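# Fold and contact review
Here are the chains, one letter per residue:
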Amino acid sequence: MAVEYEPVSVKEVLAEMKDTAELLIDLSYSAVLLGSTEVAHEVLELEERMDVLQMQARMSLLMAARNPEDAEALAPVLGVVGAAEKISDAAGDIAKVVVEEVGLPDSMRTALPEAVEALVPVGVAADSPLADTTLGEANLETETGVRVIAIRREGDWLLNPAHDTRILAGDVALLRGAVEGIAEVHEQLCGQPYEPPTPDEPAIADLERALDSIVLMKDMSELAVDLAYGAILYDSEALAEEVLELEAEVDALQSRFEAWILRAAASVDDPVSLRGLVHLATATEVISDAAVEISEGVLRGLGTHPVITEAVWESDEVIVRYTVSPGSPLDGATLGDAEVSTETGMRVIAVRRGHPSESATTGESDWVVSPGPETRLRANDRFVAKGTRSGAGRLGELAGDEPPETG
């Protein structure tokens, strides 16, 4: 596809690239989960769209650089553009595992729904109370914390549906969220209770460990991308440093994965059948590397260009980080008791225990990824949340922190 220079808003292109990159991660793993070549082909089409966006952004940025000072200021923007494209390419590689029928153990498809948030397809019954309502009217994300990330309608996929997208009988909605929220929405849509897939336990212990490693790599990589966008949104070196730590954890997980998959290969009848797992692990590690590239300008002291901050803030979802203040409504409360999702429309995607200065003595410096309603917060815990701009301020009030924290 030929791409010629035309004046574009770099801010709008960056916002679209951010939203598209995040959608691609969701859809690529959904394609694996569903074994769907249709979803995989949608990923590959979005990857092509991302190629166009990155070329438009690069040409506009090159036109804007008139002197060495401009080049220095715009360098972090180019880094964000390149990183978003790298995420897109990695998502395309994941989708090709399905398109090219590389092959995956069945146990991989039962392990993925338990990663961070469940990914569940559900048909919309004719008598569903949500049939013929818009997503905005249904208010699912605020009420349950569940998002509809795609809708299959008459053989076609509607990607990244908006608030005015109408849910119709016969649709298949792809839901993402915590299991308890999924169960509620599942029953509303199809009238049947949600039954999580029964894990298909691998007969080989090393293969099970390899599968667990990939799921955790996915969790950590997605969190790293969210934190990276948070770092550039708030020009926060603290968040950028946490991205580095997560990337190092993903690298360590990949090393362990490689050892376990090689040992497992000696015990399976057809070692070639494990190729799909190797593809998934490699692509997932690339996503965590891209997260570091997104935040590299902050790490190197170049700061955040205003166009990046505006683009991230105007994208579909914002990322915020807060510290729980002593005596605040969240101090000592579980996420379920505080009804964070219902009260604010924000999703807490990770919690880090205590304050950095305490980590050496408490030993509680690890992230709690995808915290559930039973997760209890306490003073000095730091947490990261995603959601609407309007909900970000309310969440800050609950945490007793000034919204938003800039690190």
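For every chain, the first residue of the written sequence is number 1, and numbering continues from 1 onward in sequence order. Totals for whole chains, interfaces and linings use every residue, but because this is a predicted model, local features are given only for residues with pLDDT of at least 70 and side-chain atom pairs only at 80 or more, for both listing and counting. In computing side-chain properties, one takes all heavy atoms of the structure into account and sets aside hydrogens as well as water.

### Digging into the overall build of the protein
- Secondary structure is summarised from DSSP: a helix means a run of H or I of at least four residues, a strand means a run of E of at least two, and numbering begins at the N terminus for each. Helix and strand content of the protein: 16 helices and 10 strands.
- Relative to its 407 residues, the protein shows a buried fraction of 54%.
- A 1.4 Å probe and the Shrake-Rupley method give the accessible areas. Residues count as covered only by the protein chains that appear here. Accessible surface, the protein: about 17300 Å² in total, of which carbon and sulfur atoms supply 49%. Relative accessibility decides the category of a residue: with a 1.4 Å probe and only protein chains considered, values under 20% of the type maximum give buried, values over 50% give exposed, and everything between is partly exposed.

### Notes on the packing of aromatic side chains
- Ring geometry is summarised as follows: Phe, Tyr and Trp rings, the Trp one being its six-membered ring, pair when their centres sit within 6.5 Å, and such pairs are stacked at plane angles under 30 degrees, edge-to-face over 60 and tilted between the two. Within the structure shown, the criterion is met by 1 aromatic pair.
- Whether a charge lies above a ring is judged from NZ of Lys or CZ of Arg, which has to be within 6 Å of the ring centre and within 35 degrees of the ring normal. Over the aromatic face of Tyr-229 sits the side chain of Lys-18, whose NZ or CZ is 5.4 Å from the ring centroid.
- Residue placement shows Lys-218 over the ring face of Tyr-29; its charged tip is 5.0 Å from the ring centre.

### Digging into helix H7 (residues 179-190)
- With 12 residues, H7 extends 16 Å between its outermost C-alpha atoms, agreeing within 8% with the 16 Å of an ideal straight helix rising 1.5 Å per residue.
- Looking one or two places after H7, you find Gly-191, whose phi comes out positive at around 80°. Each residue after the first adds 1.5 Å to the expected span of a helix.

### Considerations on the pattern of salt bridges
- The working definition used for a salt bridge is a side-chain nitrogen of Lys or Arg within 4 Å of a carboxyl oxygen of Asp or Glu. Evaluated as defined, the whole model comprises 19 salt bridges.
- One salt bridge connects Arg-382 with Glu-242, and the closest N-O pair in it is separated by 2.5 Å. Of the two residues, Arg-382 sits in strand E10 (residues 382-387) while Glu-242 sits in helix H9 (residues 237-265), which places them 140 residues apart along the sequence.
- Overall, the relative accessible area of 9% leaves Arg-382 in the buried class.
- One connected set of salt bridges, linked through shared partners, spans Glu-242, Glu-245, Arg-321, Arg-352 and Arg-382.

### Here we look at the packing of helix H3 (residues 68-99) against helix H10 (residues 275-294)
- Where helices are involved, their axes are fitted lines through C-alpha atoms of the stretch in contact, as for all axes, and angles between N-to-C directions lie from 0 to 180°. Orientation of H3 relative to H10, taken along the N-to-C sense of each, is 170°, at an axis distance of 9 Å. On the basis of their axis angle, the class for H3 and H10 is roughly antiparallel. Between H3 and H10, the residues in contact are Gly-79, Val-80, Ala-83, Lys-86, Ile-87, Ala-90, Asp-93, Ile-94 and Val-97 and Gly-276, His-279, Leu-280, Ala-283, Thr-284, Val-286, Ile-287, Ala-290, Glu-293 and Ile-294, respectively.
- Taken together, the residues of the contact of H3 with H10 sort by class into 12 nonpolar, 4 polar and 3 charged. Here roughly perpendicular refers to angles of 65 to 115 degrees, roughly parallel to angles under 35, roughly antiparallel to angles over 145, and oblique to all remaining angles. Contact criterion: two residues are considered in contact whenever any of their non-hydrogen atoms come within 4.5 Å of each other. Classification used: nonpolar for Ala, Val, Leu, Ile, Met, Phe, Trp, Tyr, Cys and Pro, charged for Asp, Glu, Lys and Arg, polar for all others including Gly.

### Some words on the environment of Gly-372
- Here Gly-372 lies in the loop between strand E9 (367-369) and E10.
- You can call Gly-372 buried: its relative accessible area is 16%.
- Spatially, the C-alpha atoms of Gly-372 and Ala-178 are 7.2 Å apart, while their sequence positions differ by 194 residues.

### Re the packing of helix H8 (residues 205-234) against H9
- Running from N to C, H8 and H9 point in directions that differ by 165°, and their axes come no closer than 8 Å. Between H8 and H9, the interaxial angle falls into the category roughly antiparallel. For the crossing formed where H8 meets H9, the hand is left-handed.
- Here the residues of the contact of H8 with H9 sort into 22 nonpolar, 4 polar and 5 charged. By convention, the crossing between two helices is left-handed when the near helix turns anticlockwise from the far helix through less than a right angle, and right-handed when the turn is clockwise.

### Regarding H8
- The first and last C-alpha atoms of H8 sit 43 Å apart over 30 residues, in line with the 44 Å expected at 1.5 Å per residue.
- Backbone geometry just downstream of H8 places Asp-235 in the positive-phi region, at approximately 50°.

### As for the nonpolar core
- Take the buried residues of types Ala, Val, Leu, Ile, Met, Phe, Trp, Tyr and Cys, join any two whose side-chain atoms come within 4.5 Å, and each joined set is a nonpolar core. Leu-14, Tyr-229, Leu-277, Leu-330, Phe-383 and Leu-395 are the most contacted members of the largest nonpolar core, which totals 110 residues.
- The biggest single contributor to this core is H8, with 16 residues.
- Grouped together as the second largest cluster of nonpolar side chains are 18 residues, Val-120, Val-122, Leu-140 and Val-185 included.

### Thoughts on unusual backbone geometry
- With phi around 70°, Asp-132 is a residue other than glycine that occupies positive phi space.
- Overall, Asp-132 belongs to the partly exposed group, its relative accessible area being 48%.
- At Asn-380, a position not held by glycine, the phi torsion is positive, near 80°.
- Tracing the chain through its elements places Asn-380 in the loop between E9 and E10.

### Brief notes about the sheet that holds E9
- Only strands joined by at least two bridges in the DSSP assignment are considered to pair. Strand order across the open sheet formed by 4 strands is E7-E10-E8-E9, with antiparallel pairing between neighbours. Since the sheet does not close on itself, it has two edges, and those belong to strand E7 (318-323) and E9, each with one partner. Sheet twist, expressed as the mean angle between neighbouring strand axes with direction ignored, is 25°.
- Here strand E8 (residues 347-352) pairs with E9 via 3 bridges, running antiparallel. Note on E9: the bridge partner recorded for Val-351 is Val-368.
- Packing against the sheet, H9 makes contact with E7, E8, E9 and E10, and its axis sits at approximately 100° to E7.

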